[in-house]
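So you can see what is in the structure, the chains are spelled out below.
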Amino acid sequence: MSTWFITGCSTGLGRALAEVVIHAGHNAVVTARDVATVNDLAEETPDQVLAVTIDVTEPEQVKEAVQQAEERFGGIDVLVNNAGYGYRAAIEEGEDAEVRALFETHFFGPVAMIKAVLPGMRERGSGAIVNISSIGVQLTPVGSGYYSAAKAALEGMSGALQGELAPLGISVTVVEPGAFRTDFAGRSLKQSETVIDAYSETAGRRRKENDTMHGSQTGDPAKAAVAIVTAVEANEPPAFLLLGQDALFSYRHIAERRAKEIADWEELSAGTCLDDCT
């Protein structure tokens, strides 16, 4: 039995992951900004589940939640940074305050969570950190530039973190899901109040009033949750995990296109060293 700490468990992937973890017999710290949305999980299995209020953008709440978890279960074995939401806007339309809030949730919040759990993991010489990112980091779709940038920051940090923690017995896994049947593109999606007509045929097509993706996603959150648990429990957890056939297809297509562009411009790229370099 291990103890999982999962942020953002009220709906979607976080909720599905909490249910899979609990069903597997693990201890679970399930969190949400409104704890009432996850209390039912704790009521069903009170000895196994701790429901905690947490806004990951509030450092004191992060510290208090981790302390409660450690006091209850003795330590945190797996941290899953899942809490988040979508934000759509053309780059020019993005409101500064909303963009900063997005980064607070998707980058600085996970960093605070990681810093809070690492002392205990280092002391035990074991642990796993799972950072939920998005295939949007690769796709960089119009209208989601700020969201993609926030997730790209999370991935860049995670790569360095993996190198720092691997010798200490702690794994780091970045998960890039594709489109899953959650409310991410519905209730959980924010967008700029500013609308510039010049972007109506690009970013504008992905505004909530024009987008038809919500409710038609092909990914199953329950299966994604099982996949995450399987990856974490592997002898050598992956540093990078794609979830969804769409994510696999998109990543391979982008990789092939990028490889071709590198080859096409190889001479120009290589021709920038000093004249006496070899």
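Refer to the preceding data block for the structure.
Note that the structure is predicted; figures quoted are calculated from it, not measured.

Engineer: Teacher, can you tell me more about the pairing of strand S6 (residues 127–132) here?
Structural biologist: Regular strands show a simple pattern: their side chains alternate between the two faces of the sheet. The element S6 is extensively covered by neighbouring structure, given that six of its six residues are classed as buried. Pairing analysis gives six bridges linking S6 to strand S7 (residues 170–177), with the strands arranged parallel. The residue of S7 that forms the bridge with Ile-129 is Val-172.

Engineer: Could you clarify how one ought to interpret the packing of aromatic side chains in this entry?
Structural biologist: Aromatic ring pairs are defined here through the distance separating the ring centres and the angle between the ring planes. Throughout the structure, instances matching the rule amount to three aromatic pairs. Here Phe-107 and Phe-108 contribute two aromatic rings whose centre-to-centre distance is 5.0 Å and whose plane-to-plane angle is 80°, an arrangement assigned as edge-to-face. Overall, Phe-107 belongs to the buried group, its relative accessible area being 17%. With relative accessibility at 45%, the residue Phe-108 sits in the partly exposed group. Its guanidinium or amino end placed over the ring of Tyr-85, Lys-190 lies 4.7 Å from that ring's centre, counting from NZ or CZ.

Engineer: Teacher, can you tell me more about the packing of helix H1 (residues 12–23) against helix H7 (residues 221–232) here?
Structural biologist: The geometry of a pair of packed helices is captured by two quantities: the angle between their axes and the separation between those axes. Between H1 and H7, the least distance of the axes is 8 Å, while the angle of their chain directions is 60°. As judged from the angle between their axes, H1 and H7 are oblique. At the point where H1 passes H7, the crossing takes the right-handed sense. Packed against H1, whose contacting residues are Leu-13, Ala-16, Leu-17, Val-20 and Val-21, the element H7 presents Pro-221, Ala-222, Ala-224, Ala-225, Val-226, Ile-228 and Val-229 at the interface. Looking at the contact of H1 with H7 residue by residue, the classes come out as twelve nonpolar, no polar and no charged.

Engineer: Looking at this structure, I do not really get the environment of Val-20. What am I missing?
Structural biologist: Mapped onto the elements of the fold, Val-20 is located in helix H1. Those residues in contact with Val-20 that lie beyond four places of it in its chain are Ala-222, Ala-225, Val-226 and Val-229.

Engineer: Please clarify how the environment of Gln-67 should be interpreted in this entry.
Structural biologist: With respect to the secondary-structure elements, Gln-67 resides in helix H3 (residues 59–73). Judged by relative accessible area, Gln-67 falls into the partly exposed class, the value being 45%. For the pair formed by Gln-67 and Thr-57, sequence separation is ten residues and the distance between their alpha carbons is 17 Å.

Engineer: I'm lost on the packing of helix H4 (residues 96–124) against helix H6 (residues 145–165) in this one. Help?
Structural biologist: At a minimum axis distance of 8 Å, the contact between H4 and H6 shows a crossing angle of 20°. One element, H4, and the other, H6, form an angle in the roughly parallel class. Judged by the twist between their axes, the crossing of H4 over H6 is right-handed. Contact residues: H4 offers Val-99, Leu-102, Phe-103, His-106, Phe-107, Pro-110, Val-111, Ile-114 and Leu-118, while H6 offers Tyr-146, Tyr-147, Ala-149, Ala-150, Lys-151, Ala-153, Leu-154, Met-157, Leu-161 and Leu-165. Looking at the contact of H4 with H6 residue by residue, the classes come out as 17 nonpolar, one polar and one charged.

Engineer: I keep staring at H7 and nothing clicks. Help me out?
Structural biologist: Helical periodicity: at 3.6 residues per turn, an α-helix aligns residues three or four positions apart in one direction. Here H7 contains twelve residues, and its C-alpha end-to-end distance of 17 Å stays within 8% of the 16 Å for a straight helix at 1.5 Å per residue. Pro-221, Ala-224, Ala-225, Ile-228, Val-229, Ala-231 and Val-232 are the residues of H7 that are buried. Buried residues in H7, looked at end-on, bunch into an arc of 160°, giving them a common side. Of the exposed residues in H7, those oriented more than 90 degrees away from the buried face are Lys-223 and Thr-230. Among the structural elements, strand S1 (3–6), H1, strand S4 (78–81), S6 and strand S9 (240–243) are those in contact with the buried residues of H7. One side-chain oxygen of the residue at the start of H7 lies 2.9 Å from the amide nitrogen of Ala-222, identifying that residue as Asp-220.

Engineer: Looking at this structure, how should I read the side chain of Gln-138?
Structural biologist: Along the chain, Gln-138 turns up in helix H5 (residues 136–139). Side chain to side chain, Gln-138 and Glu-176 meet in a polar contact 2.8 Å long. Sequence-distant contacts of Gln-138, that is, excluding residues within four places in its chain, are made with Glu-155, Glu-176, Tyr-251, Ile-254 and Arg-258.

Engineer: Would you take a moment to explain the sheet that holds strand S3 (residues 49–53) for this structure?
Structural biologist: Across a sheet, paired strands are connected by hydrogen bonds in the backbone, their directions being either parallel or antiparallel. The seven strands lie next to each other as S3-S2-S1-S4-S6-S7-S9, forming an open sheet whose pairing is parallel. For this open sheet the edge positions go to S3 and S9, each flanked by a neighbour on one side alone. Neighbour to neighbour, the strand axes of the sheet diverge by 15° on average, direction disregarded. Strand direction decides the pairing type here: strand S2 (residues 27–32) and S3, joined by five bridges, are parallel. The residue bridging Ala-28 from the neighbouring strand is Val-49, located in S3. Sitting on the sheet, H3 touches S1, S2 and S3, and the angle it makes with S3 is about 165°.

Conventions and cut-offs
Residues numbered from 1 in each chain as written. Predicted model: local features only at pLDDT ≥ 70, side-chain atom pairs only at ≥ 80, totals over all residues. Heavy atoms only, no water. Buried < 20%, exposed > 50% of the residue type's maximum accessible area, 1.4 Å probe, protein only. Helix = DSSP H or I, 4+ residues; strand = E, 2+ residues; numbered from the N terminus. Pairing = 2+ DSSP bridges. Phe/Tyr/Trp six-rings, centres within 6.5 Å; stacked < 30°, edge-to-face > 60°. Lys NZ or Arg CZ within 6 Å of the ring centre and 35° of its normal. Axes fitted to C-alpha atoms, helices over the stretch in contact; angles between N-to-C directions. Parallel < 35°, antiparallel > 145°, perpendicular 65-115°, else oblique. Left-handed = near helix turned anticlockwise from the far one by under 90°. Contact = heavy atoms within 4.5 Å. Nonpolar A, V, L, I, M, F, W, Y, C, P; charged D, E, K, R; others polar. Expected span 1.5 Å × (residues − 1). Arc of directions from axis to C-beta. Polar contact = N/O pair within 3.5 Å; in protein donor to acceptor, adjacent residues only side chain to side chain.

Functional significance is not addressed by these values, which are geometric in nature.
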